Protein chains: 2
Amino acid sequence: MIADALTAEIVGGGYGPGMKLPTEAQLALRFAVNRHTVRRALASLSEAGMVTARQGAGVFVTTVPTEYPLGRRVRFHQNVLASGRTPSRRILRMETRPASVPEAEALGLDPGSLVHLVEGVSLADDLPVGLFRSVVPAARFPSFPEAMQRLGSITAALVEQSVADYTRASTRLTAKLADAVQAGQLQVPQGAPLLRSITVNQDVGGIPVEYGVTHFVGDRVTLTVIPE
Amino acid sequence: MIADALTAEIVGGGYGPGMKLPTEAQLALRFAVNRHTVRRALASLSEAGMVTARQGAGVFVTTVPTEYPLGRRVRFHQNVLASGRTPSRRILRMETRPASVPEAEALGLDPGSLVHLVEGVSLADDLPVGLFRSVVPAARFPSFPEAMQRLGSITAALVEQSVADYTRASTRLTAKLADAVQAGQLQVPQGAPLLRSITVNQDVGGIPVEYGVTHFVGDRVTLTVIPE
DNA sequence: CCTCATTTGTGCGTATGTATC
DNA sequence: AGATACATACGCACAAATGAG
């Protein structure tokens, strides 16, 4: 992907906020691609909040390291890279067990149906920024644990299980305080503010395929969005 | 804009979730534009969460009326339209007064500096969904009140004041309970759950230009995002 | 199982408009 | 005023995935 190369270019090229990138034509020459391709890549970065284009002037870097742009197309990986940090993920626990009441409700399952559970921590430069817990129906995704173990990504695992076309997440965002367990896993004091997002992913038919809860560390992550 | 026409097409054309849109080629013929133009419009809708494209298959409607997709490029107007409702906005109050402590801090102003304040309600089908309050430095934007009065949009007013290139918002999201005043303005019971977003917009140079607080009615708005 | 038409995804070349400097 | 640079659009071509026969 050219967007990734451009990201590396910005991060590794010593670009700081406010600096002007080479022109689209120059970038097209450098990467030996068409200007349209460069433009799509730049549009991707612009959407992620890394750059801002000004007609007649140029494309400028707008990355502010402490910000964590949040959007439909934004990937955690890309944003952490943009801030010059190294993203990683650590899986804490995987198990198959009967669904809890809210899980069964969210997934439209009968109470007691088996679900696969994955729990882990997202890190930036080995500093925990998020604690995720995700469950999928075991009946529909029998080989999910294996795929998850192998791919290390919930999204990738679901895609491989033939739900490449699942509907984008509907997420409820609320604020919570870290309990003792979360505090330990996220390396924050107990009572630290967390941003909790309760997520339901569903396929094209409207059938839920994944129920996830993620707690972000408020002090280490800022969610960004265009208001109104 | 073709995206708007397509939105109207989906809303007014009796499209429901899961239904397949005409092919890109057919849409290009219908609107008498190039396929690339149709693709951009579709990409816009895809980003707003209204449709999902599947290579080799087609583009499918994914709109769920009760959801409120939240993203960088997502416009409130478009989302409300997508759910088949009519968006509007009512300005409650405009005044110029000294900045409060958090406002001055967020905007990098000296305590007591004058700021322009705008307060209003966003509605969908005349039902309040959000209560916004926004302040901008009066020294930098002397004619903001006039522009705001005329244009009815904070974004448009700022754009006219030569900050077309302001950096995307960094927003902190927290949960709050509605107090008596908010309850009255939003037409919800006191103590109803609100999603509060504290926003700071800054220009390319990193200088804050707008500080905004918006309270969304949790029961009427759902924020959507791709997790991880 | 394989073939093949369909449809989206990606890329190239070109042209014109418009804001910036 | 003129050169530069991004914004928008058209037309063509091929790759990749899908789905029907």
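Everything quoted here is computed from the prediction, not taken from an experiment.

## A look at the protein's contact with DNA strand C
In the vicinity of DNA strand C lie 21 residues, with Asn34, His36 and Thr37 of chain A together with Arg35 and His36 of chain B positioned nearest. For DNA strand C, a base oxygen lies 2.5 Å from a polar atom in the side chain of His36 of chain A. Among the elements of the structure, helix H3 (35–47) of chain A together with helix H3 (35–47), strand S1 (51–54) and strand S2 (58–61) of chain B are those that each provide at least two residues to the surface near DNA strand C. For the surface near DNA strand C, the per-class residue count stands at five nonpolar, ten polar and six charged.

## Here's the deal with unusual backbone geometry
Of note, Ala32 of chain A is a non-glycine position whose phi angle comes to about 55°, a positive value. Within the element layout of this structure, Ala32 of chain A appears in the loop between helix H2 (24–31) and H3.

## As for the protein's contact with DNA strand D
DNA strand D sits among 22 residues. The nearest are His36 of chain A together with Asn34, Thr37, Arg40 and Arg54 of chain B. Of what DNA strand D places within 4 Å of the protein, 65% of the atoms are sugar or phosphate. A distance of 2.9 Å is found between a base nitrogen of DNA strand D and a side-chain nitrogen or oxygen belonging to His36 of chain A. One nitrogen or oxygen atom from the side chain of His36 of chain B is found 2.7 Å from a base oxygen belonging to DNA strand D. Every element with two or more residues in the surface near DNA strand D is listed here: H3, strand S1 (51–54) and strand S2 (58–61) of chain A together with H3 of chain B. A total of four residues in the surface near DNA strand D trace back to one element, the largest contributor, which is H3 of chain B. A class-by-class count of the residues in the surface near DNA strand D yields five nonpolar, ten polar and seven charged.

## Thoughts on the pattern of salt bridges
Residues and elements named next belong to chain A. Across all of its chains, the model carries 14 salt bridges over all chains by this definition. For Glu119, the salt bridge goes to Arg93, with nearest N and O atoms at 2.8 Å. Of this pair, Glu119 sits in strand S5 (residues 114–124) while Arg93 is found in strand S4 (residues 87–98), placing the two residues 26 residues apart along the sequence. Taking relative accessible area as the criterion, Glu119 reaches 6% and is therefore assigned buried. Members of the salt-bridge network, linked through shared partners, are Arg93, Glu95, Arg97, Glu103, Glu119 and Arg133.

## Details of H3 of chain B
Residues and elements named next belong to chain B. Along its 13 residues, H3 runs 18 Å from first to last C-alpha, staying within 8% of the 18 Å computed at 1.5 Å per residue. Restricting attention to buried positions, one finds in H3 the residues Val38, Ala41, Leu42, Leu45, Ser46 and Glu47. One side-chain oxygen of the residue at the start of H3 lies 2.9 Å from the amide nitrogen of His36, identifying that residue as Asn34.

## Quick notes on the environment of Ile207 of chain A
All names here are of chain A. By secondary structure assignment, the location of Ile207 is in the loop between strand S8 (193–202) and strand S9 (208–217). Ile207 gets classed as partly exposed once you look at its relative accessible area, which sits at 47%. Through-space distance from the C-alpha of Ile207 to that of Gly108 is 7.8 Å; in sequence the pair is 99 residues apart. Leave out the neighbours within four places in its chain, and Ile207 touches Arg140, Asn201 and Gln202.

## Details of the nonpolar core
Residue and element names in this part refer to chain B. Counting twelve residues, the largest nonpolar core is built from Leu6, Leu21, Leu27, Ala28, Val38, Ala41, Leu42, Leu45, Met50, Val51, Val59 and Val61. Among the secondary structure elements, those contributing two or more residues to this core are helix H2 (24–31), H3 and S2. Broken down by element, the residue count for this core peaks at four residues, all from H3.

## Description of the pairing of S2 of chain A
Residues and elements named next belong to chain A. Side-chain alternation along S2 places Gly58 and Phe60 on one buried face and Val59 and Val61 on a second face that is also buried. As paired strands, S1 and S2 are joined by four bridges and run antiparallel to one another. Residue pairing in the sheet places Val51 in a bridge with Val61 of S2.

## A few points about the confidence of the model for chain A
Residues and elements named next belong to chain A. Per-chain confidence: chain A averages 70 in pLDDT, with 58% of residues scoring 70 or above. Across chain A, H2 holds the top mean pLDDT of 86, while strand S3 (residues 68–69) sits lowest at 42. Contacts of residues 64–85 to residues separated by more than four positions or lying in other chains number 80 contacts, the stretch itself having pLDDT below 50. Low pLDDT, under 50, characterises residues 224–228; the stretch is placed with 27 contacts to residues that sit more than four places away or in other chains.

## Points about the packing of H2 of chain B against H3 of chain B
Residue and element names in this part refer to chain B. The contact between H2 and H3 brings their axes to 8 Å, and the two run at 105°. The angle between H2 and H3 falls in the class roughly perpendicular. Residues Glu24, Leu27 and Ala28 of H2 lie in contact with H3, whose contacting residues are Arg35, Val38, Arg39 and Leu42. Per-class residue counts for the contact of H2 with H3 are four nonpolar, no polar and three charged.

Rules used throughout
Residues numbered from 1 in each chain as written. Chains lettered and ligands numbered in written order. Predicted model: local features only at pLDDT ≥ 70, side-chain atom pairs only at ≥ 80, totals over all residues. Heavy atoms only, no water. Near = heavy atom within 4 Å. Polar contact = N/O pair within 3.5 Å; in protein donor to acceptor, adjacent residues only side chain to side chain. Helix = DSSP H or I, 4+ residues; strand = E, 2+ residues; numbered from the N terminus. Nonpolar A, V, L, I, M, F, W, Y, C, P; charged D, E, K, R; others polar. Salt bridge = Lys/Arg side-chain N within 4 Å of Asp/Glu carboxyl O. Buried < 20%, exposed > 50% of the residue type's maximum accessible area, 1.4 Å probe, protein only. Expected span 1.5 Å × (residues − 1). Contact = heavy atoms within 4.5 Å. Core = buried A, V, L, I, M, F, W, Y, C linked by side-chain atoms within 4.5 Å. Pairing = 2+ DSSP bridges. pLDDT = per-residue confidence, 0-100. Axes fitted to C-alpha atoms, helices over the stretch in contact; angles between N-to-C directions. Parallel < 35°, antiparallel > 145°, perpendicular 65-115°, else oblique.

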